[in-house]
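Listed below are the residues making up each chain.
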Amino acid sequence: MAPKSSPQKPASKSADTKAAAKRKSAKPDISGSPFTLEEDKEAYREMLLIRRFEEKAGQMYGMGLIGGFCHLYIGQEAVIVGLMGAAIKGDQIITGYRDHGHMIACGMDPKGVMAELTGRAGGYSKGKGGSMHMFSAEKNFYGGHGIVGAQVPLGTGLGFANKYRGNNNVAMTFFGDGAANQGQVYESFNMAELWSLPVIFVIENNQYAMGTSVARASAQTNLSKRGVSFNIPGEQVDGMDVCAVRAAGAKAMTWCRAGKGPYILEMMTYRYRGHSMSDPAKYRAKEEVAKMRQEHDPIEQVRVRLLDAGVSEDVLKDIDKDIRAIVADAAAFAQSSPEPDPSELWTDIVAPLTGTGA
Amino acid sequence: MPTNILMPALSPTMEEGTLTKWYVKEGDDVRSGDVIAEIETDKATMEVEAVDEGKIVKLMVAEGTENVKVNEIIAVIAGEGEDANAPAPKAVTPAPEVKTSEPDATRAPAPVAFSVAADPEIPAGTTFKSQTVREALRDAMAEEMRRDEAVFVMGEEVGEYQGAYKVTQGLLDEFGPRRIVDTPITEHGFAGLGVGAAFAGLRPIIEFMTFNFAMQAIDHLINSAAKTRYMSGGQMASPIVFRGPNGPASRVGAQHSQDYASWYAHIPGLIVIAPYSAADAKGLLKAAIRDPNPVIFLENEMLYGKTFDVPELDDHLVPIGKAHVLKEGRDVTLVSHSHGLTYCLDAAAQLAEEGIDAEIIDLRTLRPLDIDTIVASVKKTNRLVTVEETWPVCGIGAEIAAAVQAKAFDYLDAPILRVTQKDVPMPYAANLEKLALPSAADVVEAVKAVCYR
């Protein structure tokens, strides 16, 4: 299906990052090798873009510019950025409602994402989807799903399509530790392994399903073992370390592309903010959050590595500046883009029916 | 005293079958559990085991006999010491489901005293062949799978078993397991998987063994399939068909006897189709498979074995969203869909004898509803009765009544009446089930009420 391009959504060169550009051609498994300096810089840039974008979204929510639910990805950036580093052209991404980071890492335009958050015509869904419901056929981003766990069979279906067509692509299906308790996840595990579908089940374990910790909700807290009875290999990965994530992703993708079926990656990560904007996060100690930020922050880890490698503060400041500009542009666009035309209320419901010519 | 072996009922809806093979001959000794015969129904071929022990005295029905009625005597067994030459035996046990002499519309529609109108969309001069709804549905899928490599069928028992209701019979042989995919019993999972495959551009046909089981999966039908086009601003869609038998079957109780028509017809983003005839089943299923929208295709088990004329066209497509006037009439409009039409046709035949000329509209598609055709009819007849196997509350009839009073209020000479299933869960007991279902008599009564007769 051809993606619709909105005239109100100018292509942003700066957002089409090098990482996204690189994915335009298929490349072989990049293995578990450490990041080159350039790769570290790119990862830093990508993760920082997501973080600044999310901070801005939080701010705009506070200003009443964004409505409804808004789930921020702050703290989890290394998961999507690391995995995208191991992806090739045509690999699909599908996730739940904490989806802004995934969209940006897929190369979707931050302007279009932010304008969707504000419900404007320039948004990816013309303002009709909102934070939880955005898609880009062009960038192989399949949503953005608001029902916890629903994306898991959907992602398994993307993998089914890959196998049906005999292409070499993998469907990366993201869900949280909360969704990991939904029955449909296990229905999907069963079919994915039964039919050897190329699906990576990425469990983003940020340790809290809304306000319920993993220990309070899961009989087996090691979620990477949840595929054991289906014979799906799984492993726990330091989801705060972008290198570890990419290495695990590369391994899983090699497995899938070899026709061996699905793979489970449990990404041990952490969200700094509440579940949604209205969550005061009283179920955990402030110290716990502070400790994570200080000791495990995914962006800080790369920053330190870059400085150690001799990259100057000025270079990093330039990156920061660049990113602030992209985010400021996105925020401005999201406020200047008009609300959807009232006629849009009645569009995109069904396509013309077969046989009627209507 | 010799024992009669009766033609067994092998499914809830079986009325007759073919005795394809005898595994015993006269004079053989049989013991309980021995396979004695093979019987083919419209749904399956099954072996029959002996229950009683003794010597086969007589085979009453020759091998290969078709249309052997349930409970017909097929063989006689004499026990040890029994006189094999005893007088002709009488039926031993009354059938649990004795056919009453009064017509039962759910099982054997009374002959219709008029011919139903041909679909005006079918070109003049077209030849027809006689086909069951079941065969027509299978042909529709096969034709579309030959036409488009992206079309595949997925569901429980669709492949090796040849379909729980034999609708997919033969498809595995032609298309292989890549495109005829047997699933585990996992409705929620495979419905979602199908929608994901549709997002990726494939054209899945997802069979639910019955729509009762689709409740396990309904989140994907509504939240994932129906809403994505809108939520994505038109960027992404799910061209998928969910099909399977819907509505009351026969004696299967409350959890397996429910009409979901109004559930799905409620949802913007879905197309809902519920055909009656084999020709429409074929033409509409082909259209549904090609349609870019998610389609809920509601079949009916009671109609699967019913035979209709199906046009012999290379590509018989019936337009989605158009009702068909099955019979023209002056005095009252009957609107129904799927199996509900059997009550209407039966009632119309009875009404004709009493001088009431009913017009019958087969909705065919429930969403979008072809209100224009109904309104045009009501403007002519000034009276309307809706007939459906759904419960009355918020049913299709309620929707039609609301629309018609808004668009043709001044043309109505009587209140619109609805004939529906009674507002109770479906009972198992034969008499209660019959009371719960709508009937031709209910339709006749409603028509007389709106005609003030």
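Our subject in this report is the structure included herewith. Since the structure is predicted, the reported quantities are computational estimates derived from the model, not experimental observations.

1. A short note on the pattern of salt bridges
Then, number 1: Enumeration over the complete set of coordinates arrives at 42 salt bridges over all chains.
Then, number 2: In this structure, the salt-bridge partner of A:Asp322 is A:Arg45, at a minimum N-O distance of 3.1 Å. Here A:Asp322 is found in helix α12 (residues 313–336), whereas its partner A:Arg45 is found in helix α2 (residues 37–62), with 277 residues between them in sequence.
Then, number 3: For A:Arg45, a relative accessible area of 14% puts it in the buried group.
Then, number 4: The residue B:Lys322 makes a salt bridge to B:Glu121 at a minimum N-O spacing of 3.7 Å. Note that B:Lys322 is positioned in the loop between β16 (307–311) and β17 (324–327) and B:Glu121 in the loop between β8 (73–78) and β9 (128–132), a separation of 201 residues in sequence.
Then, number 5: Here B:Lys322 falls in the partly exposed class, since its relative accessible area comes to 35%.
Then, number 6: On the basis of relative accessible area, B:Glu121 is assigned to the partly exposed category, the value being 42%.

2. As for the packing of aromatic side chains
Then, number 1: One pass over the full model with this rule turns up 18 aromatic pairs over all chains.
Then, number 2: Geometrically, the ring pair formed by A:Phe189 and A:Phe230 is edge-to-face, given 6.0 Å between the ring centres and 80° between the ring planes. One end of the pair, A:Phe189, is in helix α7 (residues 183–194); the other, A:Phe230, is in the loop between α8 (214–217) and β7 (234–238), and 41 residues separate them in sequence. The exposure classification of A:Phe189 matches that of A:Phe230, with both residues buried.
Then, number 3: Ring geometry for B:Phe211 against B:Tyr264: centres 5.8 Å apart, planes inclined by 70°, an arrangement best described as edge-to-face. Of this pair, B:Phe211 sits in the loop between β12 (203–207) and α4 (218–226) while B:Tyr264 is found in helix α6 (residues 261–265), placing the two residues 53 residues apart along the sequence.

3. Description of helix α3 (residues 187–199) of chain B
Then, number 1: Over its 13 residues, α3(B) runs 18 Å from end to end, which matches the ideal 18 Å to within 8%, given 1.5 Å per residue.
Then, number 2: Extensive coverage of α3(B) is indicated by the burial of 13 of its 13 residues.

4. Considering the interface of chain B and chain A
Frequently, the measure chosen for interface size is the accessible area removed from exposure when the parts meet.
Then, number 1: On the side of chain A, 45 residues touch chain B, which itself brings 50 residues to the contact.
Then, number 2: Buried area between chain B and chain A, summed over both chains or domains, comes out near 3900 Å², and the portion from carbon and sulfur atoms is 66%.
Then, number 3: Among the residues of chain B in contact with chain A, B:Tyr230, B:Met231 and B:Gln235 are the three that bury the most area, contributing 21% of the side total.
Then, number 4: Summed over the shared surface of chain B and chain A, the number is zero salt bridges.
Then, number 5: Seen at the junction of chain B and chain A, the total is 20 residue pairs in polar contact (both at pLDDT 80 or more).
Then, number 6: Broken down by secondary-structure element, the contributors of at least two residues to the side of chain B that touches chain A are β10 (151–155), α2 (171–179), β11 (180–182), α3, α4, α5 (228–231) and α7 (278–290) of chain B.
Then, number 7: A per-element tally of the side of chain B that touches chain A places α3(B) first, with ten residues.
Then, number 8: By residue class, the composition of the side of chain B that touches chain A is 24 nonpolar, 17 polar and nine charged.

5. Things to note about the side chain of A:His133
Then, number 1: Along the chain, A:His133 turns up in the loop between α5 (110–117) and β2 (141–144).
Then, number 2: When neighbours within four sequence positions are excluded, A:His133 is seen to be in contact with A:Asp99, A:Ser125, A:Gly144, A:Gly146 and B:Met231.

Calculation criteria
- Residues numbered from 1 in each chain as written.
- Chains lettered and ligands numbered in written order.
- Predicted model: local features only at pLDDT ≥ 70, side-chain atom pairs only at ≥ 80, totals over all residues.
- Heavy atoms only, no water.
- Salt bridge = Lys/Arg side-chain N within 4 Å of Asp/Glu carboxyl O.
- Helix = DSSP H or I, 4+ residues; strand = E, 2+ residues; numbered from the N terminus.
- Buried < 20%, exposed > 50% of the residue type's maximum accessible area, 1.4 Å probe, protein only.
- Phe/Tyr/Trp six-rings, centres within 6.5 Å; stacked < 30°, edge-to-face > 60°.
- Expected span 1.5 Å × (residues − 1).
- Contact = heavy atoms within 4.5 Å.
- Buried area = accessible area lost by both parts, 1.4 Å probe.
- Polar contact = N/O pair within 3.5 Å; in protein donor to acceptor, adjacent residues only side chain to side chain.
- Nonpolar A, V, L, I, M, F, W, Y, C, P; charged D, E, K, R; others polar.

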